[in-house]
Amino acid sequence: MSSHPATGREAADSRRWWALTVIAIAQLMIVLDATIVNIALPSAQRDLGISDANRQWVITAYTLAFGGLLLLGGRLGDLFGRRRVFTVGLIGFALASAFGGSASGPAMLFGARALQGAFGALLAPSALGLLSTTFTDPRERGTAFGVFGAIAGGGAAIGLILGGLLTEYLDWRWCLFVNTPIAAAAAFAASYVLTADHIGKGHRVRLDLPGAVLGCGGLLAVVFGMSEAVTRGWGNGLVLSALALGVVLLVVFVLVERRTRHALLPLHIIADRNRGGAALSIGLTMIGMYGLFLFLTYYLQVIKHFSPVLSGLSFLPMTVSIVATSTGFSARMTTRVPTRNLVASGLVIAAGGMAWLTRMTVDSPWAGTVLPAELLLGLGMGMVFMPSTSLATLGVARNEAGAASATINSAQQVGGSFGTALLNTVAASATASYLATRIAADPRVRAQGAVHGYVTATWVATGVLLLAALAAFLLINHRPAPGEATRAVGVGAVGAGAGAGASASAATRAEAGARARVTARETDASAKAGAVTPTGRQRAS
């Protein structure tokens with residue numbers, strides 16, 4: 001037997017699975033952060049004296065910074081090197097988490113959450129660009145993206161469990177502190193296992209500042225408007241103004257990007273039907289999936305009286321189903337069948353699971369109603385996240401991978417924000433209509449009204465998932481070709497998990513808006529019930 005010296009390339013390849021571990025940890029941190037803080041929020045509110053009107057900013061500050069800065073974060077990775085930006089994101093996320101865990105007042109906590117979102121916007125696109133350049137073999141790429149998709153789809157449920165455990169047995173501050181050692185260790189490991197990519201070396205590095213201002217400003221305005229619609233309603237002047245401003249800024253952004261040589265978002269990225277179809281499908285998926293986390297969390301805690309820990313544990317079957325499907329079936333089939341067959345079929349299966357949830361009543365057993373729906377949703381989402389995130393930037397030029405990744409993240413963030421506002425409005429209106437013709441003072445009638453609202457919103461979510469399946473079937477025409485992964489340098493999005501996590505977190509914001517709308521339409525007795533107010537009262541107690 002003879003031996004040969006290892007080349008630098010071989011050494012880098014030998015560390016690729018460790019690189020996947022570091023990237024997966026970073027992804028899991030971002031996904032966990034929304035749901036884990038949601039569970040801790042009632043305790044934090046009492047401890048820091050946060051008012052009911054302001055507590056939504058614990059969630060909104062994060063989503064605004066994350067959603068608004070994604071395009072800029074992706075482009076910075078393209079220009080200055082993804083490993084460098086990834087490491088900066090990890091270190092910043094660790095410091096922001098420590099800052100938030102040490103908060104002595106509301107403003108300090110809100111600021112820490114905004115910093116977490118900003119550093120998350122640096123971290124997310126670079127993480128996926130690194131994953132794509134690390135795994136170029138089609139089979140290994142499928143496995144890597146299967147792992148990543150499993151975390152994106154199931155991490156939110158893990159956050160619910162971990163948040164409940166930390167809050168109940170330690171302190172709410174540990175829901176933030178827990179990120180610090182994990183992020184610090186991941187940043188240290190990144191310098192050893194990730195390959196440096198000096199993309200801008202030898203070229204003049206230029207940042208599209210007008211595009212950054214217009215694009216980030218437009219996204220900030222849109223996400224803010226949709227977030228405020230949860231508590232203020234769609235007809236509120238501030239909401240309409242923010243949405244109108246966001247649309248105008250994004251239109252101007254497109255016009256500017258068509259003329260600049262150093263575009264923040266090269267428009268041909270979203271003009272491609274496969275990448276555009278993947279982004280649209282996932283954006284619609286996030287609207288529909290908010291129905292699951294938002295209303296199922298209410299149902300379990302308010303109607304079935306599950307504890308926060310038990311509620312989190314009840315999501316485990318869906319998490320296991322996503323992991324098994326993403327890392328097994330989808331990872332193998334993504335190189336064998338047309339992508340739209342996987343994505344469209346998965347969305348139809350997920351829609352079936354969502355439709356199953358519409359059978360829930362006040363007295364429905366968890367095993368007969370929730371469990372089958374979770375398994376179907378997990379199976380379907382495992383067939384959607386992995387191939388869609390891989391396709392979203394498949395074949396994108398090396399110096400545009402971060403921008404493509406940020407685009408799919410932004411689509412998910414906007415879709416999630418819209419889904420929260422839309423589905424909460426539907427549930428609130430349905431509950432108000434139900435209670436208007438009944439004796440709303442009866443606790444059981446109020447519970448039935450709340451479930452009626454959840455079911456109505458879940459039907460809407462089912463329809464949105466079916467619409468996503470149709471979009472995927474009509475737009476995506478990609479067929480896997482031998483060796484195509486070696487030509488792809490960028491990959492999908494972190495936002496799926498973050499968005500799913502934020503959907504559960506939206507419970508806090510949803511409560512106030514539902515109460516206000518029901519109060520305006522119903523009697524005082526009806527107003528006490530609301531569509532989703534029981535959740536807020538329980539969590540605040």
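Note that the coordinates shown come from a computational prediction; the quantities given were computed from them, not determined experimentally.

**What to know about the pattern of salt bridges**
Right, on to step 1. Enumeration according to the criterion identifies two salt bridges in this entry.
Right, on to step 2. The closest approach of N and O atoms between Asp 47 and Arg 173, which form a salt bridge, is 3.4 Å. Placement of the pair is Asp 47 in helix H2 (residues 16-48) and Arg 173 in the loop between helix H6 (138-169) and helix H7 (174-177), with a sequence separation of 126 residues.
Right, on to step 3. Residue classification places Asp 47 among the partly exposed residues on the basis of a relative accessible area of 45%.
Right, on to step 4. Of the residues examined, Arg 173 reaches a relative accessible area of 19% and is grouped as buried.

**A word on the packing of helix H9 (residues 209-232) against helix H10 (residues 237-257)**
A pair of packed helices can be characterised by two numbers: the angle between their axes and the separation between those axes.
Right, on to step 1. Close contact between H9 and H10 brings their axes to 7 Å; oriented N to C, the two are set at 155 degrees. Accordingly, the angle class assigned to the pair H9 and H10 is roughly antiparallel. Between H9 and H10 lies a crossing whose hand is left-handed.
Right, on to step 2. Of the residues belonging to the contact of H9 with H10, the class tally is 19 nonpolar, six polar and three charged.

**Some points on the environment of Ser 191**
Right, on to step 1. With respect to the helices and strands, the residue Ser 191 is situated in helix H8 (residues 179-193).
Right, on to step 2. Placed 104 residues apart in sequence, Ser 191 and Thr 87 show a C-alpha to C-alpha distance of 7.9 Å.

**Remarks on the nonpolar core**
Side chains of a nonpolar character, in soluble globular proteins, are inclined to be buried together.
Right, on to step 1. Counting residues in each nonpolar core, the largest one holds 58 residues, and the members touching the most others are Leu 292, Tyr 299, Ile 303 and Leu 347.
Right, on to step 2. Elements that contribute at least two residues to this core include exactly helix H12 (273-303), helix H14 (316-333), helix H15 (339-357), helix H16 (366-391), helix H17 (401-436) and helix H18 (443-475).
Right, on to step 3. With 17 residues, the single largest contributor to this core is H12.
Right, on to step 4. Discounting chain neighbours no more than four positions away, the residues touching Leu 292 are Thr 297, Met 318, Met 354, Leu 357 and Leu 377.
Right, on to step 5. Counting residues in each nonpolar core, the second largest holds 42 residues, with Leu 70, Val 193, Ile 269 and Ala 406 among its members.

**Let's talk about the packing of aromatic side chains**
Right, on to step 1. Inspection of every chain in the model, using the stated rule, returns four aromatic pairs.
Right, on to step 2. When the ring of Trp 174 is compared with that of Phe 177, the centres are 5.6 Å apart and the planes differ by 70 degrees; the resulting orientation is edge-to-face. Separated by three residues within a single helix, Trp 174 and Phe 177 lie in helix H7, roughly one turn from each other.
Right, on to step 3. On the basis of an interplanar angle of 55 degrees and a centroid distance of 5.3 Å, the ring pair of Phe 188 and Tyr 192 is categorised as tilted. You can see Phe 188 and its partner Tyr 192 sitting in helix H8, four residues apart, about one turn around the helix.

**Brief notes about a nonpolar patch on the surface**
Right, on to step 1. A cluster of nonpolar residues, Leu 280, Leu 467, Leu 470, Phe 473, Leu 474 and Leu 475, forms a patch on the protein surface that exposes about 530 Å² of accessible area.
Right, on to step 2. The biggest single contributor to the nonpolar patch is H18, with five residues.

**Remarks on the confidence of the model for the protein chain**
Right, on to step 1. This prediction gives the protein chain a mean pLDDT of 76; 80% of its residues lie at or above 70.
Right, on to step 2. H15 holds the highest mean pLDDT among the elements of the protein chain, 92, whereas helix H21 (residues 533-540) holds the lowest, 35.
Right, on to step 3. Overall, residues 1-12 carries pLDDT values under 50, and its contacts beyond four positions in sequence, including any with other chains, amount to three contacts.
Right, on to step 4. Low pLDDT, under 50, characterises residues 485-541; the predicted model gives this stretch 185 contacts beyond four residues in sequence or across chains.

Reading the values: rules and limits
- Residues numbered from 1 in each chain as written.
- Predicted model: local features only at pLDDT ≥ 70, side-chain atom pairs only at ≥ 80, totals over all residues.
- Heavy atoms only, no water.
- Salt bridge = Lys/Arg side-chain N within 4 Å of Asp/Glu carboxyl O.
- Helix = DSSP H or I, 4+ residues; strand = E, 2+ residues; numbered from the N terminus.
- Buried < 20%, exposed > 50% of the residue type's maximum accessible area, 1.4 Å probe, protein only.
- Axes fitted to C-alpha atoms, helices over the stretch in contact; angles between N-to-C directions.
- Parallel < 35°, antiparallel > 145°, perpendicular 65-115°, else oblique.
- Left-handed = near helix turned anticlockwise from the far one by under 90°.
- Nonpolar A, V, L, I, M, F, W, Y, C, P; charged D, E, K, R; others polar.
- Core = buried A, V, L, I, M, F, W, Y, C linked by side-chain atoms within 4.5 Å.
- Contact = heavy atoms within 4.5 Å.
- Phe/Tyr/Trp six-rings, centres within 6.5 Å; stacked < 30°, edge-to-face > 60°.
- Patch = residues over 30% accessible without salt bridge, like charges linked within 9 Å, V, L, I, M, F, W, Y side chains within 5 Å.
- Areas by Shrake-Rupley, 256 points an atom, 1.4 Å probe, with all protein chains shown as cover.
- pLDDT = per-residue confidence, 0-100.

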